[in-house]
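Each chain, letter by letter, is given below.
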Amino acid sequence: MKLVVVGDALLDVDVRGSVGRLCPDAPAPVLDVSGETARAGGAALAATLAHTDGVDVTLVSAVADDEAGQRLRAALGDVPAVWGPSPEPTPVKTRLRAGGTSLARIDSGGGPRLPAATDAMLDEVLSADLVLVSDYGRGLARDERLRAVLDRVPVVWDPHPRGPAPTPGARLVTPNAAEAEAFSGLSDPTEAAAELRRRWSARAVVVTLGARGALLHGGGTPTAVPARRIPVLDPCGAGDRFAATAAARLMAGAAPDEAVAAAVTSAADFLLREHPEAEQPSTVDAVRARGGTVVATGGCFDILHAGHVRTLRAARALGDCLVVCLNSDDSVRRLKGPDRPVTTQDDRVEVLSALGCVDEVVVFDERTPEQVLGVLRPDVWVKGGDYSAETLPEADLVAGWGGRTVVVPYHSGRSTTGILTRRS
């Protein structure tokens, strides 16, 4: 299936360096430049991200025949593109960066004259299974011939405050919170999404909320999709990552809520890759730093039941944090047979992580958790069941770094195997 990204392509330039002093004539930092990187931005970034994901994607945009335009084409690499002429210089956003932070941004290029879609650009749009409109307010999304063509294909629209309203009937429109408020005049994301869906005649509107995730309105009860908190000052590119993922998932047949959930996760992962300094220290590291006790337990946790919960609560009570070492799907199959697990590892991780007594979940592929334990090195290793601490194979390993093994009570009659046997 083919995705076409149509919209305003930009050139993003990062000028990197270090700051160790202020200007003698003004209270401004001096950036000692160490390097410069040019990247595809705007619609070109959305197309690049989709291409990196393995999606069959083509960029449709307008670019001037100038030095910045040539750099933009080069930065796009091997992403297929259909270019039209631009009457204005190529827009460039130059960020001055030090220590992972933007000190300032310099914008150049662009202008009041609007680009026009060519026949080749329109033909490419019509060939798409789905179109992502990546509007950066530079005028291509206002082209009347393009808008007429967009009425004939499925569309995901990523709007811009200076851009036009989406074409009616869009499958998904993706404003951020500020854009949704500006378009609707409503500060509440739920109310704004409902109003914009009605006003734009869209099938669904999702308001992206940064660290708070996203709010999806598709005509029924709104769906809130939470996100991991990634503490970055400059979330540049996260919106394009979100829109590209949502569009690709919808094109592949996902429901809107599934596409939005995948897009939220993808945007968070993107920010972590772009800003590795933002990754938070693990709970284990934080507990160890203050001299606390790290507790670990392990198992398949295929169908979570009361026996599991009692074991996890008992384990957590033995220290200051609890890490669950979880058998991967392949590991469970090796242990339990080809019909197990009933619940996939992603779902098992999600369920366990939602429990208040669980601080972290670590997945391992081996039959037994010795390897992950050797990395984690817990102070206390806990098992539930009819074991004794002396007979557990992990006991000697844990004792090797001064840890201890504890067995918590076995809860008779409560097991995944028993549940499945009773249901069959």
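Everything discussed here concerns the structure shown above.
Below is a summary of the structure that appears in this document. Computed from a predicted model, the values in this text were never measured in an experiment. (Residues numbered from 1 in each chain as written. Predicted model: local features only at pLDDT ≥ 70, side-chain atom pairs only at ≥ 80, totals over all residues. Heavy atoms only, no water.)

Considering the overall build of the protein
- Summing up its helical and strand segments, the protein has 15 helices and 18 strands in all.
- The dimensions of the protein, computed from C-alpha atoms along their principal axes, are 80 × 65 × 40 Å.
- Burial analysis of the protein (424 residues in total) assigns 49% to the buried set.
- In the protein, of all internal contacts separated by at least 6 residues, the share reaching a separation of at least 24 is 63%.
- As presented, the protein carries roughly 20000 Å² of accessible surface, and 50% of it is formed by carbon and sulfur atoms.
- Once the 45 positive and 55 negative side-chain charges of the protein are each reduced to a mean point, those two points are 4 Å apart. (Helix = DSSP H or I, 4+ residues; strand = E, 2+ residues; numbered from the N terminus. Buried < 20%, exposed > 50% of the residue type's maximum accessible area, 1.4 Å probe, protein only. Contact = heavy atoms within 4.5 Å. Areas by Shrake-Rupley, 256 points an atom, 1.4 Å probe, with all protein chains shown as cover. Lys, Arg positive; Asp, Glu negative; His and termini not counted. Charge placed at Lys NZ, Arg CZ, Asp CG, Glu CD.)

Details of helix α11 (residues 329-336)
- Taken as a whole, α11 has its buried residues at Asp 329, Ser 331 and Val 332. All buried residues of α11 lie within an arc of 155 degrees about the axis, which places them on one face of the element.
- Gly 337, located one to two residues past α11, shows a positive phi value of around 110 degrees. (Arc of directions from axis to C-beta.)

Topic: the packing of helix α7 (residues 238-251) against helix α8 (residues 256-274)
- One can describe the packing of α7 onto α8 by two numbers: an axis separation of 8 Å at closest approach and a directional angle of 145 degrees. The handedness of the crossing between α7 and α8 comes out as right-handed. Residue-level inspection shows Ala 238, Arg 241, Phe 242, Thr 245, Ala 246, Arg 249 and Leu 250 of α7 in contact with α8, the latter providing Pro 256, Ala 259, Val 260, Ala 262, Ala 263, Val 264, Ser 266, Ala 267, Phe 270 and Leu 271.
- Of the residues in the contact of α7 with α8, the class split is 13 nonpolar, 2 polar and 2 charged. (Axes fitted to C-alpha atoms, helices over the stretch in contact; angles between N-to-C directions. Left-handed = near helix turned anticlockwise from the far one by under 90°. Nonpolar A, V, L, I, M, F, W, Y, C, P; charged D, E, K, R; others polar.)

As for the environment of Ala 192
- Here Ala 192 is to be found in helix α6 (residues 189-200).
- The spacing of Ala 192 and Pro 235 is 43 residues in sequence and 22 Å in space, taken between C-alpha atoms.
- Setting aside its immediate chain neighbours within four residues, Ala 192 contacts Ala 180, Ser 184 and Leu 186.

Quick look at the pairing of strand β5 (residues 81-85)
- Burial of the side chains of β5 is restricted to one face: Val 82 and Gly 84 are buried, whereas none of Ala 81, Trp 83 and Pro 85 on the reverse face is.
- Bridge count for strand β4 (residues 56-63) against β5 is 5 bridges, and the pairing is parallel. Within β5, the residue paired with Ala 62 across the bridge is Gly 84.
- On the question of chirality, the crossover connecting β4 to the parallel β5 by way of helix α2 (residues 67-75) is right-handed. (Pairing = 2+ DSSP bridges. Right-handed = clockwise from strand over helix to strand, strands pointing away.)

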